[in-house]
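Each chain, letter by letter, is given below.
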Amino acid sequence: MDEEEIMLQIQDTLVSLDLAERFFCCDIDACLGECCIEGDAGAPLTADERDTIDSLLPILTPRLLPSAVRRIEEEGTSYLDEEGDLVTQIVEGRNCVFTSYAPGGVCQCAIECACSAGQTGGFRKPASCALYPVRLTRYPSFTAVNYHRWDICRPAEKLGRKLGIRLYQFLKGPLTDYFGKEWYDELAMACEAYLEEYGRDKN
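Described in the following lines is the structure provided in the data block. Along each chain, numbering runs from 1 in the same order as the chain's sequence is written. For a predicted model such as this one, the threshold for reporting local features is a pLDDT of at least 70, and the threshold for listing and counting side-chain atom pairs is 80 or more; totals across whole chains, interfaces and linings nevertheless cover every residue. To get the side-chain values, take all heavy atoms of the structure and skip hydrogens and water.

Here we come to the packing of aromatic side chains. Pairs were defined over the aromatic rings of Phe, Tyr and Trp, the Trp ring being its six-membered one, requiring ring centres within 6.5 Å. Orientation was assigned from the angle between planes: stacked under 30 degrees, edge-to-face over 60, tilted for the rest. The tally for this structure, following the rule as stated, stands at 7 aromatic pairs. On the basis of an interplanar angle of 45° and a centroid distance of 5.1 Å, the ring pair of Y194 and Y198 is categorised as tilted. Of this pair, Y194 and Y198 both sit in helix α10 (residues 181-198), 4 residues apart, which is roughly one turn of that helix. The buried label goes to any residue with under 20% of its type's maximum accessible area, the exposed label to any with over 50%, and the partly exposed label to all in between, with areas taken from a 1.4 Å probe on protein chains only. By relative accessible area, Y198 is classed as partly exposed at 34%. Taken together, the ring pairs in this structure connect F24, Y147 and F170 into an aromatic cluster. The helix count covers DSSP runs of H or I at least four residues long, the strand count covers runs of E at least two residues long, and both are numbered beginning at the N terminus.

In spatial order, the strands read β1-β2-β10-β9; together these 4 strands make up an open sheet with mixed pairing. The two strands at the open ends of the sheet, each matched to only one other strand, are β1 (7-10) and β9 (134-138). In this sheet, neighbouring strand axes are inclined to one another by 25° on average, regardless of whether the strands run parallel or antiparallel. Of the pairings in the sheet, the one linking strand β2 (residues 13-16) to strand β10 (residues 143-147) comprises 3 bridges and is parallel in character. Bridge pairing in β10 places T13 opposite T143. The rule for pairing is simple: two strands pair if DSSP sees at least two bridges between them. In this analysis an axis means a line fitted to C-alpha atoms, helices contributing only their contacting stretch, and an angle means the value between N-to-C directions, from 0 to 180 degrees.

Looking now at the pairing of strand β7 (residues 99-102). In terms of strand pairing, β7 meets strand β8 (residues 106-109) through 4 bridges, oriented antiparallel. Paired with S100 across the two strands is Q108, which belongs to β8. Hairpin connection of β7 to β8: 3 residues between the antiparallel strands, including G104 at a positive phi of 90°.

Attention now goes to unusual backbone geometry. Cis rather than trans, the peptide bond between Y132 and P133 has omega equal to 20°. Structurally, P133 is set in the loop between α6 (127-131) and β9. At Q11, a residue that is not glycine, the phi angle is positive and equals roughly 55°. By the secondary structure assignment, Q11 is in the loop between β1 and β2. Among the residues examined, Q11 registers a relative accessible area of 39% and is labelled partly exposed.

Right, let's talk about the pairing of β1 for a bit. Across the two faces of β1 the burial differs, with L8 and I10 buried and M7 and Q9 not buried at all. Linking β1 to β2, which pair antiparallel, is a turn of 2 residues; within it Q11 sits at a positive phi near 55°.

With that settled, the discussion passes to the environment of V134. With respect to the helices, strands and loops of the structure, V134 is situated in strand β9. Separated by 40 residues in the primary sequence, V134 and P174 place their C-alpha atoms 10 Å from one another. Setting aside chain neighbours within four positions, we find V134 in contact with L19, V145, N146, L167 and L171. Residue contacts are counted whenever heavy atoms from the two residues lie within 4.5 Å of one another.

Take a look at the structure:
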């Protein structure tokens, strides 16, 4: 069996075996939320998410860095990247404009903080952020669900292994919110069956 050719087909998606094989659990104390400030583009957005964020700006602005507020005033909350995808603005070449900082230098999402304070009508953050480190790629007949492996997430892989938490388990909430409970239940059953038969581990 060639594992490079295997994916899990769940409804109209093809899911990478990484979701079953890899251990993962975010370790904010170790990484300090670096995924919010590293990279060459902002977080992917849908047009609806952009519109929702724009409508929330009055409550988000007090939580933002002064440089981020200036950037939004000059350029808006989002832009089209080199591939033509809608993404959040970045500032100082690295920070997502919605990054804020807690004591100790831990990065926080201003949108998520506002949601936790009951100020956003339930909107927590863009789906691409909630699903990370999973990335979605849409094709005409299916959506690919893949793990975006990044060195800054090594602490999450280590903590996941220590706690025995697989990637599909860690993302149960965001995956259920995005694809629905039936889809997630199918995924969990497929992952469990695969691990029972092959017991693979890539971390």
